[in-house]
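Each chain, letter by letter, is given below.
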Amino acid sequence: MPVNKRSKYRGSRTCGGGTHKNRRGAGNRGGKGRAGHRDHRFTHFLLLGEVHNGKHGFVSKNKVAANVIDVGDLDQLVDSLISKGLAAMQDDVVVIDAGQIGIDKILGGGKINHKMNITAPAFSESARAKIEENGGQALTA
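Residues numbered from 1 in each chain as written. Predicted model: local features only at pLDDT ≥ 70, side-chain atom pairs only at ≥ 80, totals over all residues. Heavy atoms only, no water.

Q: Sorry if this is basic, but what is going on with the UniProt feature "domain: Large ribosomal subunit protein uL15/eL18" (unreviewed entry) in the protein chain here?
A: UniProt feature "domain: Large ribosomal subunit protein uL15/eL18" (unreviewed entry): in the numbering of this structure it lies at residues 68-138. Along residues 68-138 the backbone is 37% helical and 34% strand, and the end-to-end C-alpha distance reaches 15 Å. (UniProt positions renumbered as here; feature names shortened; annotations may be inferred. Helix = DSSP H or I, 4+ residues; strand = E, 2+ residues; numbered from the N terminus.)

Q: Is there a simple way to think about the sheet that holds strand β6 (residues 122-123) in this case?
A: What holds strands together in a sheet is hydrogen bonding between their backbones, with the strands either parallel or antiparallel. Ordered by their spatial adjacency, 3 strands build an open sheet running β1-β4-β6, and the pairing between neighbours is parallel. Either end of the sheet is taken by a strand with one partner, and the two such strands are β1 (68-70) and β6. As defined by bridge partners, β1 adjoins strand β4 (residues 105-107) across 3 bridges and the pair is classed as parallel. Bridge assignment links aspartate 70 to a residue of β4, and that residue is leucine 107. (Pairing = 2+ DSSP bridges.)

Q: How should the nonpolar core be read in this particular structure?
A: Side chains that are nonpolar tend, in soluble globular proteins, to be buried together. Within the largest apolar cluster, 19 residues are counted, with the highest numbers of intra-cluster contacts made by Ile96, Ile106, Met116 and Ile118. Only α3 (71-76), α4 (78-84), β3 (93-97), β5 (116-120) and α6 (125-133) provide two or more residues apiece to this core. Among the elements that make up this core, the one with the highest residue count is β5 (3 residues). When near neighbours in sequence (up to four residues on either side) are disregarded, methionine 116 contacts Val71, Asp75, Val78, Val93, Val94, Ile96, Ile131, Gly136 and Gln137. (Core = buried A, V, L, I, M, F, W, Y, C linked by side-chain atoms within 4.5 Å. Buried < 20%, exposed > 50% of the residue type's maximum accessible area, 1.4 Å probe, protein only. Contact = heavy atoms within 4.5 Å.)

Q: Honestly, the sheet that holds strand β7 (residues 137-140) in this entry has me stumped. Any pointers?
A: The 4 strands are arranged β2-β3-β5-β7 in an open sheet whose pairing can be described as mixed. Two strands bound the open sheet, and with one partner strand each, they are β2 (87-90) and β7. Neighbouring strand axes in the sheet, compared pairwise and without regard to direction, differ in orientation by 15° on average. The pairing of β3 with β5 spans 4 bridges and is parallel. Considered in β5, the bridge of aspartate 97 is made with threonine 119. Strand contacts of α6: β5 and β7, with the helix running at about 135° to β7, the strand carrying the most contacts. (Axes fitted to C-alpha atoms, helices over the stretch in contact; angles between N-to-C directions.)

Right, here's the structure in full:
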């Protein structure tokens, strides 16, 4: 049966805290706030995802965020793009305007199963090669 600790330790000098010198002063607390988040309170802050082990690298102030997609991912999306009206089928070729979808650059990852004519602002060399190997065209807008 569970026992209430407050009443269990009534009359005891240290209430289960060891010797009478143990729970004395701020040093026993281990610091204030985030003190010890990399040492004695590591697991607590690790579970919260708040462990910071210094700064690494730098952040470029001139960074330009570009929306990119791999040509293999685009190939997998062909059916849904056609059904939504964002791509068209002309003969056996899929015609896609990447700018209309919000894509700035086509990268060369993945495999291609469809013959595609893609118009985009930019292509990587490997993406352009894969598209043209499969009989399609990579057109720069």
